[in-house]
Amino acid sequence: MNVQLVTRQGLPAPAPIKTDANGKPYCEIDIACPLCGGTGETRWKSDPVCERCDGTGTAGRADKIPLFTLEHVQALDAALQAKKDRQEAERRQRWETLAETHAALLQRARAIADGNSFVSSILETVERTATLSDPQAATLERAIAQHQAGLNTRHAGTIGQAFHATVTITSVQTLKPRSRKKAAAPSRAVSMTDEEGNQLVAFGAFTCAPGQTAILSGTVKEHRTWKGAKQTLIAKAKFKAD
């Protein structure tokens, strides 16, 4: 009795059927030449014959495709669907527990998600995985707090014009060098607030530390929104002790 053999996708065998040392059926399909894509030609040269495969269009090796009976494929599909159903049931159970435990946090996050892409991305991950670790919850809390603080901020100065203000440095982050050439002073991203609480940022080889107060001078390069807060980017920034 002839038994119909198919691929894992339930399609007829695309090549002659073989049997391996363990008695399992399979077939082989030649892998296309990576240079010509299986055409055997390289039209961008005067000689159209592909120099890598010598016009055969193959890479000289084949993919081994296992074959199954229809009943086996149906059993595999049923087992896979059962696994997906079980995982989805477990996800729903985790989500019900999570939604109850962190109801207030999730409610505050959803209220600002449309206007804060960072919060929205965290929510999407939480809802997809139905998990919220302590570090994720802390990050979400900070993002919401930053968003709320940003509602009361304004963009400072006028783009393209000189800027002067007394600022308080809130954070200093050393940036990774863009190249491995001769070492230079490390570049830093300096975040700060002016006397009205507006957020500013500057990039350069600065020597300063969080908590310091200084007189900032430079040029307003850009008005932007970062994690829900209005932020002003200062170019050619210089700091002078207050």
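Placed above this text is the structure.
Cut-offs applied
- Residues numbered from 1 in each chain as written.
- Predicted model: local features only at pLDDT ≥ 70, side-chain atom pairs only at ≥ 80, totals over all residues.
- Heavy atoms only, no water.
- Helix = DSSP H or I, 4+ residues; strand = E, 2+ residues; numbered from the N terminus.
- Rg over C-alpha atoms; globule rule 2.2 N^0.38 Å.
- Buried < 20%, exposed > 50% of the residue type's maximum accessible area, 1.4 Å probe, protein only.
- Contact = heavy atoms within 4.5 Å.
- Areas by Shrake-Rupley, 256 points an atom, 1.4 Å probe, with all protein chains shown as cover.
- Lys, Arg positive; Asp, Glu negative; His and termini not counted.
- Charge placed at Lys NZ, Arg CZ, Asp CG, Glu CD.
- Pairing = 2+ DSSP bridges.
- Axes fitted to C-alpha atoms, helices over the stretch in contact; angles between N-to-C directions.
- Phe/Tyr/Trp six-rings, centres within 6.5 Å; stacked < 30°, edge-to-face > 60°.
- Lys NZ or Arg CZ within 6 Å of the ring centre and 35° of its normal.

A. Just the overall build of the chain, in detail. Broken down by element type, the chain carries four helices and 10 strands. Overall, the chain shows an N-to-C arrangement of helices and strands of β-β-β-β-β-α-α-α-α-β-β-β-β-β. What you see for the chain is a C-alpha radius of gyration of 31 Å, clearly larger than the 18 Å of a compact globule of 242 residues, by over 25%. Considered along the principal axes of its C-alpha atoms, the chain spans approximately 90 × 65 × 30 Å. Evaluated residue by residue, the chain yields a buried proportion of 26% over its 242 residues. Across the chain, every contact between residues at least 6 apart in sequence was considered, and the portion connecting residues at least 24 apart equals 58%. For the chain, the accessible area works out to roughly 16,300 Å², and carbon and sulfur atoms hold 51% of it. The distance from the centre of the 32 positive side-chain charges to the centre of the 25 negative ones in the chain is 9 Å.

B. Representation of the environment of A143. If you trace the backbone, A143 turns up in helix 4 (residues 134-150). When the C-alpha positions of A143 and V73 are compared, they lie 48 Å apart, and in sequence the two are 70 residues distant. Setting aside anything within four residues of it in sequence, one finds A143 in contact with N116, F118 and V119.

C. Representation of the sheet that holds strand 4 (residues 58-66). Spatial strand order, 2-3-4: three strands in an open sheet with antiparallel pairing. For this open sheet the edge positions go to strand 2 (18-19) and strand 4, each flanked by a neighbour on one side alone. Two strands pair when backbone bridges link them, and strand 2 and strand 3 (residues 25-32) are joined in this way by two bridges, in the antiparallel orientation. Within strand 3, the residue paired with T19 across the bridge is P25.

D. Seen up close, the sheet that holds strand 9 (residues 213-226). Read around the barrel, five strands follow the order 6-7-8-10-9 and close on themselves; strand pairing throughout is mixed. Each strand of the sheet is rotated relative to its neighbour by a mean of 45°, with strand direction disregarded. The pairing of strand 7 (residues 188-194) with strand 8 (residues 199-204) spans six bridges and is classified as antiparallel. Bridge pairing in strand 8 places M192 opposite L200.

E. Expanded view of the packing of aromatic side chains. Scanning the entire structure with this criterion turns up one aromatic pair. Considering the side-chain rings of F206 and F239, the 5.0 Å spacing of their centres and the 90° angle between planes classify their relative orientation as edge-to-face. With a gap of 33 residues between them, F206 in the loop between strand 8 and strand 9 and F239 in strand 10 (residues 229-241) connect regions that are remote in the sequence. Using a relative accessible area of 10% as the deciding quantity, one classes F206 as buried. In this structure, K64 is placed above the aromatic ring of Y26, and the distance from its NZ or CZ to the ring centre is 4.5 Å.

Remember, this is a structural readout, not a statement about activity or role.
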